[in-house]
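Each chain, letter by letter, is given below.
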Amino acid sequence: MKIVDLSPAVPHGFKGPPSTNLGVQLNVRTKNGTGYWQSTQLDLMSLHTGTHVESALHTVEDGEPIDQVALERVIGEAVVLDLTPVEPMQILDVPDLERANEGLEAAGESIRPGDILLLRTDWAQRHIGTPEYFRESPGLTEAAARWVVERAPKAVGCDFFEEPAAREPGWEAHEFVVHGAILGAGIPLIEGLVNLRELPSRVSFFAPFYKFAGVESAPARAFALLED
């Protein structure tokens, strides 16, 4: 089997969402003398940095926290919906998803209930970790998000920042319509993926995440397994 890593490296300074405007702050300590010792402290990082999994609590008051999301919901068969090519700040609507789905079906594949649905734009390939990743990302309409929900996936993964209203600071919670549609339906959202272009239409997918308790998100290390 071949492993395809779907998570970016997260170095010191790697940018989180504009709502926080936080860059990752790593405090690396070493000790000299006989032998070598290094211990790194994470001083600052939004839990929505790099590849991460979000639960309903992100947009639903008293919703499901991330530690209650079973790993089975982010591990399993995934289907890739290829939306490429896309332009910066392009708004993807239902017709765009329908065209991509027609291409998927022409290749002999389909979105099945219970699949993990991966939305590919290749945007993260160019810009993840920079301010442009969020501020100039393509996005989904609320109708497109509801189209995704109607396919009944058990999780949704994206390689772009799908919420147009949150590209810049100053948005309000009710404007988070894409997250509201997907997370409100009880579907975990996997953001910050890379390398979706290396995957076939259907693949075995894994997004295990850190088990933080009582919060809405956790960093993940996503990957896919391909038959060599």
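These numbers come from a predicted model, not from an experiment. (Residues numbered from 1 in each chain as written. Predicted model: local features only at pLDDT ≥ 70, side-chain atom pairs only at ≥ 80, totals over all residues. Heavy atoms only, no water.)

A. Molecular detail of the pairing of strand S11 (residues 202-206). For S11, the tally of buried residues reaches four of five residues, placing the bulk of the element in the interior. Direction of pairing for strand S5 (residues 75-82) relative to S11: antiparallel, over a ladder of five bridges. Bridging across to S11, isoleucine 75 finds its partner in phenylalanine 206. In terms of strand pairing, S11 meets strand S13 (residues 223-226) through three bridges, oriented antiparallel. Bridge pairing in S13 places phenylalanine 205 opposite alanine 224. (Buried < 20%, exposed > 50% of the residue type's maximum accessible area, 1.4 Å probe, protein only. Helix = DSSP H or I, 4+ residues; strand = E, 2+ residues; numbered from the N terminus. Pairing = 2+ DSSP bridges.)

B. Region of the structure containing unusual backbone geometry. Cis geometry marks the peptide bond from threonine 84 to proline 85; its omega dihedral reads -5°. Following the sequence through the fold, proline 85 ends up in the loop between S5 and strand S6 (91-92). A positive phi is found at methionine 89, a non-glycine position, where the angle reads about 65°. Take methionine 89: it is sitting in the loop between S5 and S6. The phi angle at alanine 152 is positive, at roughly 55°, despite the residue not being glycine. Secondary-structure assignment places alanine 152 in the loop between helix H4 (142-150) and strand S9 (155-158). In this structure alanine 152 comes out as partly exposed when scored by relative accessible area, which is 38%.

C. View of the packing of helix H1 (residues 94-106) against H4. The interhelical angle for the contact between H1 and H4, taken along N-to-C directions, is 40°, at an axis separation of 8 Å. What the angle tells us is that H1 and H4 run oblique. Here Val94, Leu97, Glu98 and Asn101 of H1 lie close against H4, whose contacting residues are Ala143, Ala144, Trp147 and Val148. Partitioning the contact of H1 with H4 into residue classes produces six nonpolar, one polar and one charged. (Axes fitted to C-alpha atoms, helices over the stretch in contact; angles between N-to-C directions. Parallel < 35°, antiparallel > 145°, perpendicular 65-115°, else oblique. Contact = heavy atoms within 4.5 Å. Nonpolar A, V, L, I, M, F, W, Y, C, P; charged D, E, K, R; others polar.)

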